[in-house]
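One-letter residues, chain by chain:
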Amino acid sequence: MTPNAHLKQPWRNFAKKTSADSLKKFESPRKLPAIGFGMKLNCVPFRYLTSLLRASETKFVRIVWCDSANVIRAKAASVPRLESVHKDGIGLVTGTQALPVMHDAVSAGSGLGPVGDLRLMPDWDTLRFLPYSKGHASVMSNLYTNEGQPSPLCPRNFLTRMIDEASKSGLYIKAAFENEFILLKQSPGGSGLVPVDDTIFCQSFSMDMNHAVITDICNSLGEQGLEVEQYYPESASGQHEISILYSDAMKAADQQIVFRETVKAVAHRHQLVASFLPKIFPNQAGNGTHVHLSLHANNGTNLVPSEAKRGELSPLASHFVAGLLEHLPGLMALTAPSLNSYRRLQPSTWSGAYRVWGFENKECAIRVPLNPRGPSPTHFELKTHDATANPYLSLGAIMAAGMDGVNRKLPLAAPVQIDAGLLSDAERRERNIQVLPRSLEESLGALKSSELLLGALGPALSKAYLAVKWTEWNAMKDLSLDEEVKLLQTRY
């Protein structure tokens, strides 16, 4: 059985329910459907997809995946050869799932190498034009074995499993990634990269200085189906934040990949470099990628607010947050998975360095915003997260940790409504306020000891992931900040 054989029946069902006239728009399209497009393209007969691509003068379709080091990779298939890719995917040696961020050499201890192939199978529901690369389209992919089974090494398959596990309990999780990034340019003397400006938080002049590139970024995101919710300049020199509207978990993770690709590509067209690296400047704010989460019943009801008292979490949400806090030290190996991440995660920097939660407290690892009207709260935010995290792995692990709290009905400690960094060590001990891991080495040790997280990832994926991250730790643990930045600022 080929990996996409399961799609044949949905095509037949689609053909039965859809008139020939309604399919004609695929033969002479004006605009390629984007992520979030109403019609499920996996159910469209393949000949209509190729007609769509030819009519749009698309030459190549990029088959995209994101590896254990959170490097976004792709192989491009020419449109005339796309049918074979649709049927059998594109081959990929298994060892590529154990490459560290520094170089293309398989990590020792991963159990992977030059023998054996995986298949990159496109998910046509994510097909979109690339407005910044004329003639190219892009589609997310899942990894399959040659026997047509979902590969246990695939981060996207992992997130699918965690979504399915939550749905068994009648729980559906929506998410949004809130990204910060820094725009850099070549210094006047050509000696290196420097920020495009030295403005401060929400300074309106920064919007004027960077109007062209930010407008181009937002337009390009919109053309691919991402809805921009809010934008403003952030605290560090050249730093900006763009928020994307929440969606279901898989779409949110897919959109995080699209967001990173788009910001970096559009910045490049403006002769700039966009970097999501958590800490670039030693004495300025770092780049976080906070994850906003909400819990829903299958009828769409938001299950976060308490029914008994406005401004409080429901018992279900409390258990979920308690699960996140319970597993957060090991979870950080997936949500803050680079050595550079821990340069950002410092007390009294609003980055979430303490293992606590609170209402509208930016010093907590988990912050619960309150709404001025209507049900409140309706979501919560994990701050201990940055863009060096593979979004499929981090979001899947977040769901596994939260669901463990729900299943075990873990009690949630009282909220912390103070900057814990201002307390003495004795005061923190008295309140049971713990500092989270201060290095990747610590969080990897916690992950290695976590039966829950390793069990959720599965033996193959957890072994490969840990091998990659230990390889990165050993290679970069003695680097200075400047050396880290030179190596990683264009990777992330």
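In the block above lies the structure referred to throughout.
Residues numbered from 1 in each chain as written. Predicted model: local features only at pLDDT ≥ 70, side-chain atom pairs only at ≥ 80, totals over all residues. Heavy atoms only, no water.

(A) Summary view of the pattern of salt bridges. Following the criterion strictly, the structure yields 13 salt bridges and no others. In this structure, the salt-bridge partner of R73 is D104, at a minimum N-O distance of 3.4 Å. Of this pair, R73 sits in strand 2 (residues 72-78) while D104 is found in the loop between strand 3 (90-93) and strand 4 (117-122), placing the two residues 31 residues apart along the sequence. Accessibility expressed as a relative area gives 19% for R73, which makes it buried. D104 gets classed as exposed once you look at its relative accessible area, which sits at 61%. Residue D123 is joined to R156 by a salt bridge in which the shortest nitrogen-to-oxygen separation is 3.0 Å. Of this pair, D123 sits in the loop between strand 4 and strand 5 (128-129) while R156 sits in helix 5 (residues 155-168), and the two are 33 residues apart along the sequence. Of the two residues, D123 and R156, both sit in the buried class. (Salt bridge = Lys/Arg side-chain N within 4 Å of Asp/Glu carboxyl O. Helix = DSSP H or I, 4+ residues; strand = E, 2+ residues; numbered from the N terminus. Buried < 20%, exposed > 50% of the residue type's maximum accessible area, 1.4 Å probe, protein only.)

(B) Seen up close, empty space enclosed by the protein. Tallied over the entire structure, the rule returns two cavities of 30 Å³ or more. One number sums up the size of the largest cavity: a volume of about 90 Å³. Only strand 1 (60-66), strand 6 (136-145) and helix 5 provide two or more residues apiece to the lining of the largest cavity. Split by residue class, the lining of the largest cavity holds nine nonpolar, two polar and one charged. Empty space within the second largest cavity amounts to approximately 60 Å³. When contributions to the lining of the second largest cavity are tallied by element, the ones reaching two or more residues are strand 7 (172-186) and helix 8 (249-269). A total of four residues in the lining of the second largest cavity trace back to one element, the largest contributor, which is helix 8. Of the residues in the lining of the second largest cavity, the class split is seven nonpolar, three polar and no charged. (1 Å grid on protein atoms, 1.4 Å probe; cavity = no way out; pocket = protein on both sides within 12 Å on 5 of 7 lines; lining within 4 Å. Points joined across faces, edges and corners; volume = space filled by probe spheres on them. Nonpolar A, V, L, I, M, F, W, Y, C, P; charged D, E, K, R; others polar.)

(C) Structural context of the nonpolar core. Of all hydrophobic cores here, the largest spans 104 residues; its most connected members are F181 and F380. Broken down by element, the residue count for this core peaks at 11 residues, all from helix 8. Setting aside chain neighbours within four positions, we find F181 in contact with I214, I217, G238, Q239, H240, I242, F259, V263, A274, S275, F276 and N287. Listed in part, the 26 residues of the second largest apolar core include I90, L118, L153 and A464. (Core = buried A, V, L, I, M, F, W, Y, C linked by side-chain atoms within 4.5 Å. Contact = heavy atoms within 4.5 Å.)

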